[in-house]
Amino acid sequence: VLLALALLSFGACAGTRVPATSTMGPEAAKARALADSLRYPYTQADIDFMSGMIHHHAQAIVISRWAPSRGADAEMIRLTERIINAQNDEIKLMQTWLRDRNQVPPEVSPTGLIAMDHEMMGHVMHMPGMLDAEQMAQLDAARGLDFDRLFLQYMIQHHRGAVGMVQTLFASHGAGQDETIFKFASDVEVDQSTEIRRMMTMLLARGGIPPQ
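Residue positions are given per chain, counting from 1 as you read along its sequence in written order. Given that this is a predicted model, residues contribute local features only at a pLDDT of at least 70 and side-chain atom pairs are listed and counted only at 80 or more, while totals for whole chains, interfaces and linings are drawn from all residues. Values shown for side chains rest on all heavy atoms present in the structure; no hydrogens or waters enter the calculation.

What to know about the packing of helix H3 (residues 44-64) against helix H8 (residues 179-205)
Fitted lines through C-alpha atoms give the axes, limited to the stretch in contact for helices. The angle between two N-to-C directions lies from 0 to 180 degrees. Comment: elements are numbered from the N terminus, with helices defined as DSSP H or I runs of at least four residues and strands as E runs of at least two. H8 packs onto H3 with a crossing angle of 40° between their chain directions and a minimal axis gap of 12 Å. Between H3 and H8, the interaxial angle falls into the category oblique. As H3 packs across H8, the resulting crossing turns out to be left-handed. Between H3 and H8, the contacting residues are Asp-46, Phe-49, Met-50, Met-53 and His-57 on the first element and Ile-181, Phe-184, Ala-185, Val-188 and Gln-192 on the second. For this classification, the nonpolar set comprises Ala, Val, Leu, Ile, Met, Phe, Trp, Tyr, Cys and Pro, the charged set comprises Asp, Glu, Lys and Arg, and every other residue, Gly included, is treated as polar. The class makeup of the residues in the contact of H3 with H8 is seven nonpolar, two polar and one charged. An angle counts as roughly parallel when it lies under 35 degrees, as roughly antiparallel when it exceeds 145, as roughly perpendicular when it falls between 65 and 115, and as oblique in every other case. A clockwise turn of the near helix away from the far one marks a right-handed crossing, whereas an anticlockwise turn of less than a right angle marks a left-handed crossing. Whether two residues are in contact is decided by their heavy atoms: any pair within 4.5 Å suffices.

Focus: the confidence of the model for the chain
Looking at the chain, pLDDT values average 86 and 82% of them are 70 or higher. Across the chain, each position has a pLDDT score giving the predictor's confidence in that residue, from 0 to 100. Of all the helices and strands in the chain, helix H1 (residues 2-16) carries the lowest mean pLDDT, 46, while helix H7 (residues 144-171) carries the highest, 98. pLDDT under 50 marks residues 5-22. Its contacts with residues more than four places away, or in other chains, come to zero contacts.

Examining the packing of aromatic side chains
Working definition: rings of Phe, Tyr and Trp (its six-membered ring) pair if their centres are within 6.5 Å, and the pair is stacked with planes under 30 degrees apart, edge-to-face with planes over 60 apart, and tilted otherwise. Under the counting rule described, the total for this entry stands at four aromatic pairs. Ring geometry for Tyr-42 versus Trp-97: centroids 5.8 Å apart, planes at 75°, classification edge-to-face. Taken as a pair, Tyr-42 in the loop between helix H2 (26-38) and H3 and Trp-97 in helix H4 (residues 74-100) lie far apart in primary sequence, 55 residues in all. Here, a charge over a ring means that NZ of Lys or CZ of Arg falls within 6 Å of the ring centre while also lying within 35 degrees of the ring normal. The ring of Tyr-42 is capped by Arg-101, whose NZ or CZ atom sits 5.4 Å from the centre of that ring.

Overview of the nonpolar core
We call a set of buried Ala, Val, Leu, Ile, Met, Phe, Trp, Tyr and Cys residues a nonpolar core when their side-chain atoms join them within 4.5 Å. Exposure classes here rest on a 1.4 Å probe applied to the protein chains alone. A residue is buried below 20% of its type maximum, exposed above 50%, and partly exposed in between. One finds Ile-63, Leu-79, Leu-139, Phe-147 and Phe-151 to be the most contacted residues of the largest nonpolar core, which totals 25 residues. Looking at this core, the elements with two or more residues in it are H3, H4, helix H6 (133-141), H7 and H8. In terms of residue count, the dominant contributor to this core is H7 (seven residues). Ignoring sequence-local partners within four residues, the contact set of Leu-79 consists of Phe-151, Leu-152, Glu-195, Met-199 and Met-202. Trp-97, Ile-114, Met-130 and Ala-175 belong to the second-largest nonpolar core, a separate cluster that totals 24 residues.

Some remarks on H6
Every buried residue of H6 is listed here: Gln-135, Met-136 and Leu-139. Buried residues of H6, seen end-on, are gathered within an arc of 100° and therefore sit on one face of the element. Turned more than 90 degrees off the buried face of H6, the exposed positions are Ala-133, Glu-134 and Ala-141. Residues of H6 that are buried make contact with H3 and H7. Polar contacts here mean pairs of N or O atoms no more than 3.5 Å apart (in protein, one a potential hydrogen donor and the other a potential acceptor; neighbouring residues in sequence count only if both atoms are side-chain atoms). Near the N-terminus of H6, the side chain that reaches the backbone nitrogen of Glu-134, with its oxygen 3.1 Å away, is that of Asp-132. What the arc describes is the spread of directions from the helix axis to the C-beta atoms.

What about unusual backbone geometry?
Positive phi values are uncommon outside glycine, yet Asn-102 reaches one of about 60°. Position of Asn-102 among the secondary structure elements: in the loop between H4 and helix H5 (118-125). Look at Asn-102 and you get exposed, because its relative accessible area is 73%.

Considerations on the packing of H4 against H7
Two packed helices can be described by the angle between their axes and the distance between those axes. Packing of H4 against H7 brings their axes to within 12 Å, and their N-to-C directions diverge by 30°. Compared by their axis directions, H4 and H7 come out roughly parallel. In the crossing of H4 with H7, the sense of the turn from one axis to the other is left-handed. Every residue of H7 that contacts H4 at Met-76, Leu-79, Thr-80, Ile-83 and Gln-87 is listed here: Asp-148, Phe-151, Leu-152, Met-155 and His-159. Tallied by class, the residues present in the contact of H4 with H7 amount to six nonpolar, three polar and one charged.

As structure tokens, this is what we get:
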């Protein structure tokens, strides 16, 4: 009887013992969160969306940085600063998402420039909403009120393209299921649709004509 009681007591103690290798702390929590995220399904369409949206955001940053030197008014400067700050942060998120999945993300300079070969440049310029070389040259040459109007017209076009990219993502079989990409893409659709409406009002106030 005494032997049986001793064995039962030993088993109870062993069952409550915390393993010495238990990982704790904020870094361990981040590692567990990342491992959980990587278990969510993702597709080639997700990878293409994140890579393409980095290029898309980069062009928006390039033209937004032109505003101060092209005589944009104070309200326009505030708009372009919001675009630069928001899209720089989103580029970092997309780059991290791609690296975590062993993809090589496009590298973007602080001014929004990306090193691309001729073939990649052609592919990027055909993404929805992207400004072509002629539009970029027109905007670059514009000054003052002309710049403000043209910038708003082109950025409305640009934002509409981004919203279209989100809709294409969600229409792709199996895409948009990963938690991070679902939240990010949903935020892009809502935020840029809201900003389109704001820019339409700004354009009308400056005597401009909204793009069809």
